[in-house]
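Descriptive structure summary
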Amino acid sequence: MTRPLKIAVPDYVSNSYFPVLAAVELGCFRDEGIAAEVEIIFPPDRAYAALRAGEVDLVAASAHTAVSAFPEWDGVSLICAQAQGMYWFLVMHRELAVARGDVSAVRGRRIGAAPWVELGLRGVLEAAGLDPARDAIAIGPVPKVAQAGSNFGVSASIALERRDVDGFWANGMAAELAVRQGFGDIVLDIRRGDGPPGCRQFTFASVAARRALLADQPELAGAVTRAVRRAHARLTDEPDCAEMVGRKLFPPEAAALIGTLIARDVPWFDTAISRDDFDAMNAFLRRLGRVGTGAAYEEVVASAG
């Protein structure tokens, strides 16, 4: 590939996909002989649609969303994980005084969530015995806010502060902004054990490519995985790297927070995609009617076999 590798990311001012952003900014892709650039495409299903159309080469986003553009996983490969586990937070307005772990508090409330990201919340509600229709839980996008740009998490935090929503389901940056500014409380942090058992495996942050691209360039999957691992190592061993990258990419408030957020995420840094996690994600998608039989681990995960 003579032109730069184009990587679509759906949410930019966030810790969710920061390993790939760092891999680009810290030269980890370059060290693998790859020129790479990032393009913001929101929401995540649009990023995968661009991948299917060949408009981008990779998508760094939620793994489960790949089936929005590649039904039954047909034609897409998951190259590696950026980190393990479902990484979104349920945050409710502080005035509601919701206790940590009390998912039932969403009854009768308006919850902001991005397209396809909201499936993770729906899966959590189902596992908790809640039904959005029966329990009057309104789940949907938040109003666009000019100062947030295309960053859903920042928009969600602003929407909660304004009480346009009662809560949101979004990334760690949004959660941290809401908590630090005094109007939000974290109710669920699924990756760290909140919520019903098994929800952590509903999805994870991944890097995906068209299967045809990997067939044409069989060395690419390994190079991408190594680049993400290099970024993991730098972010783990040199904590100041996260803030350095954040200062180049983010507004000042978010840049000041990203080092703290990445330090918390380090225990989840692992590029492996296990058969158990893939099968659990497929089962989650089946329960929500987004796949039929799905596909076999060996067909979808580039490192399988």
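The structure we're discussing is the one just above.
Please read these numbers as outputs of a predicted model, since none were measured by experiment.

Concerning unusual backbone geometry
A cis amide bond links Phe42 with the next residue in sequence, Pro43, at an omega value of -5°. Along the chain, Pro43 falls in the loop between β2 (36–40) and α3 (44–52). For Glu72, which is not glycine, the phi torsion reads 55° and is therefore positive. Among the secondary structure elements, Glu72 is positioned in the loop between β3 (58–62) and β4 (76–81). Unlike most non-glycine residues, Ala97 shows phi in positive territory, near 50°. Among the structural elements, Ala97 can be located in the loop between β5 (89–93) and β6 (110–112).

Overview of the packing of helix α1 (residues 18–25) against helix α8 (residues 220–237)
Two numbers describe how α1 lies on α8: the axes approach to 8 Å, and their chain directions differ by 95°. Relative to α8, α1 is oriented roughly perpendicular. Side by side, α1 and α8 meet where Phe18, Pro19, Val20, Ala22 and Ala23 of the first sit next to Ala227, Val228, Ala231, His232 and Leu235 of the second. Its residues assigned to classes, the contact of α1 with α8 comprises nine nonpolar, one polar and no charged.

Notes on the packing of aromatic side chains
Counting across every chain of the model gives nine aromatic pairs. Relative to Trp88, the ring of Tyr87 has its centre 4.6 Å away and its plane inclined at 50°; by these criteria the two rings are tilted. Note on accessibility: Tyr87 and Trp88 belong to one class, buried. Grouping aromatic residues by their ring pairs yields a cluster made of Tyr17, Tyr87, Trp88 and Trp169.

So, the sheet that holds strand β1 (residues 5–9)
Across the sheet, five strands lie side by side as β2-β1-β3-β10-β4; this open sheet has mixed pairing. The open sheet is flanked by β2 and β4, the only strands paired with a single partner. Here the strands of the sheet are splayed against their neighbours by 30° on average, with no regard to which way each runs. Strand direction decides the pairing type here: β3 and strand β10 (residues 205–210), joined by five bridges, are antiparallel. Paired with Ser62 across the strands is Ala205, a residue of β10. Across the sheet, α8 lies against β1, β3, β4 and β10, angled at about 30° from β4, the strand it touches most.

As for the environment of Pro218
With respect to the helices, strands and loops of the structure, Pro218 is situated in the loop between α7 (211–216) and α8. A relative accessible area of 64% places Pro218 in the exposed class. In this structure, the C-alpha to C-alpha distance between Pro218 and Pro197, residues 21 residues apart in sequence, is 37 Å.

Digging into the pattern of salt bridges
For the structure on display, the rule yields 24 salt bridges. Here Asp135 and Arg134 are joined by a salt bridge, their closest N and O atoms 2.9 Å apart. A relative accessible area of 55% means that Arg134 is categorised as exposed. In this structure, the salt-bridge partner of Arg163 is Asp166, at a minimum N-O distance of 3.2 Å.

What about empty space enclosed by the protein?
Throughout the structure, instances matching the rule amount to three cavities of 30 Å³ or more. In this structure, the largest cavity occupies an estimated 120 Å³ of space. Contributing to the lining of the largest cavity are 14 residues, with Asp11, Tyr17, Trp88, Val117 and Asn171 lying nearest its centre. Among the residues forming the lining of the largest cavity, the class breakdown is ten nonpolar, three polar and one charged. Considered as a void within the structure, the second largest cavity measures approximately 60 Å³ in volume. The wall of the second largest cavity is formed by Asn15, Ser16, Pro19, Ala83, Tyr87, Arg191, Ala205, Asp265 and Phe269. Grouping the constituent residues of the lining of the second largest cavity by class yields five nonpolar, two polar and two charged.

Reading the values: rules and limits
- Residues numbered from 1 in each chain as written.
- Predicted model: local features only at pLDDT ≥ 70, side-chain atom pairs only at ≥ 80, totals over all residues.
- Heavy atoms only, no water.
- Helix = DSSP H or I, 4+ residues; strand = E, 2+ residues; numbered from the N terminus.
- Axes fitted to C-alpha atoms, helices over the stretch in contact; angles between N-to-C directions.
- Parallel < 35°, antiparallel > 145°, perpendicular 65-115°, else oblique.
- Contact = heavy atoms within 4.5 Å.
- Nonpolar A, V, L, I, M, F, W, Y, C, P; charged D, E, K, R; others polar.
- Phe/Tyr/Trp six-rings, centres within 6.5 Å; stacked < 30°, edge-to-face > 60°.
- Buried < 20%, exposed > 50% of the residue type's maximum accessible area, 1.4 Å probe, protein only.
- Pairing = 2+ DSSP bridges.
- Salt bridge = Lys/Arg side-chain N within 4 Å of Asp/Glu carboxyl O.
- 1 Å grid on protein atoms, 1.4 Å probe; cavity = no way out; pocket = protein on both sides within 12 Å on 5 of 7 lines; lining within 4 Å.
- Points joined across faces, edges and corners; volume = space filled by probe spheres on them.

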